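Examination of the molecular architecture
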Amino acid sequence: VWIGDDVAWLHKFDGTVWQSWNSNFGSISFNSIDIDTQDYLWIIVENGYLAKFDGSVFTGYLHNNQNTPGRKHARNAAIDGDDNIWVSFWDSSGPARFDGTNWLDFDSLGLPPAADIAIDTHGNIWGGAHAYGASGPGGGGLFKIDRSNV
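The notes below deal with the structure included here. (Residues numbered from 1 in each chain as written. Predicted model: local features only at pLDDT ≥ 70, side-chain atom pairs only at ≥ 80, totals over all residues. Heavy atoms only, no water.)

**A word on the overall build of the protein**
Scanning the protein for helices and strands turns up zero helices and 14 strands. Helices and strands in the protein line up, N terminus first, as β-β-β-β-β-β-β-β-β-β-β-β-β-β. Burial analysis of the protein (150 residues in total) assigns 40% to the buried set. Excluding contacts between residues fewer than 6 apart, the proportion of contacts in the protein whose partners are at least 24 apart in sequence is 33%. For the protein, the accessible area works out to roughly 7700 Å², and carbon and sulfur atoms hold 48% of it. (Helix = DSSP H or I, 4+ residues; strand = E, 2+ residues; numbered from the N terminus. Buried < 20%, exposed > 50% of the residue type's maximum accessible area, 1.4 Å probe, protein only. Contact = heavy atoms within 4.5 Å. Areas by Shrake-Rupley, 256 points an atom, 1.4 Å probe, with all protein chains shown as cover.)

Right under this line is the structure:
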């Protein structure tokens, strides 16, 4: 079990022993933790960026390779079958896909900002909009990106 706390520490419990790592990201929370097929942890950090933990080192990735975190504030992440990291943003439309090196932005689809993102068994990407402006399916509160289109 992996747990991120509100002061940037990451903890692992194997059923018997706890281990902890300091991310050195400052006094922030982790919003989301996902694990890819290579056992890397992908973490959405409270101040709006994506981080990877390889078991010993934390690496931060800024959206669109910007030097300023927060051009978009990452909210949540999901990992597809190809180990691409799909990131939802709370302050701008459309998710983005990160392949470990490059970002591909889906702003042009005109989707609402999403509080959550998930990938179904067919590889389709689903996002749920924030409470403000969300009115359920068909009303802008839920979106789907068909995997065949990405």
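**Quick notes on the pattern of salt bridges**
Applying the stated criterion across every chain, the model contains two salt bridges. In this structure, Asp80 engages Arg147 in a salt bridge whose closest nitrogen and oxygen atoms are separated by 3.2 Å. Of this pair, Asp80 sits in the loop between strand E8 (74-79) and strand E9 (85-89) while Arg147 is found in the segment after strand E14 (142-145), placing the two residues 67 residues apart along the sequence. Here the salt bridges share partners, and the residues they tie into one network are Asp80, Asp82 and Arg147. (Salt bridge = Lys/Arg side-chain N within 4 Å of Asp/Glu carboxyl O.)

**Some details on the environment of Arg75**
Inspection of the secondary structure assignment puts Arg75 in strand E8. Separated by 30 residues in sequence, Arg75 and Val45 place their C-alpha atoms 8.2 Å apart. Residues within four places of Arg75 in sequence aside, it is in contact with Asn31, Ile44, Ser88, Phe89, Trp90, Ala114 and Ala115.

**Considerations on the sheet that holds strand E7 (residues 58-61)**
The sheet built from four strands is open, its strands ordered E4-E5-E6-E7 with antiparallel pairing. Whereas interior strands pair on both sides, the edge strands pair on one side only; in this sheet they are strand E4 (30-35) and E7. When the angles between neighbouring strand axes are averaged without regard to direction, this sheet yields 25°. Taken together, the four bridges between strand E6 (residues 49-53) and E7 define a ladder with antiparallel strand orientation. Paired with Ala51 across the bridge in E7 is Gly60. (Pairing = 2+ DSSP bridges. Axes fitted to C-alpha atoms, helices over the stretch in contact; angles between N-to-C directions.)

**Points about the sheet that holds strand E12 (residues 114-119)**
An order of E12-E13-E14 is seen for the three strands of this open sheet, with the pairing classed as antiparallel. Each edge of the sheet is formed by a strand with only one pairing partner; in this case those strands are E12 and E14. Along the sheet, successive strands turn relative to each other by an average axial angle of 20°, direction set aside. The pairing of E12 with strand E13 (residues 125-129) spans five bridges and is classified as antiparallel. The partner of Ala114 across the bridge, within E13, is Ala129.

**Here's the deal with a nonpolar patch on the surface**
Together, Val1, Ile3 and Trp18 give the surface a local cluster of nonpolar side chains, amounting to about 320 Å² of exposed area. Topologically, Trp18 is positioned in strand E3 (residues 18-22). (Patch = residues over 30% accessible without salt bridge, like charges linked within 9 Å, V, L, I, M, F, W, Y side chains within 5 Å.)

**Focus on the packing of aromatic side chains**
All told, the structure shown has 10 aromatic pairs when counted by the stated rule. Pairing Phe98 with Trp103 gives two aromatic rings, centres 4.7 Å apart and planes at 35°, and the pair type is tilted. Through a chain of ring-to-ring contacts, three or more aromatic side chains come together here, namely Trp2, Trp21, Phe53 and Phe58. Geometry around Tyr40 places Lys52 over its ring, the cationic atom sitting 4.4 Å from the centre. (Phe/Tyr/Trp six-rings, centres within 6.5 Å; stacked < 30°, edge-to-face > 60°. Lys NZ or Arg CZ within 6 Å of the ring centre and 35° of its normal.)

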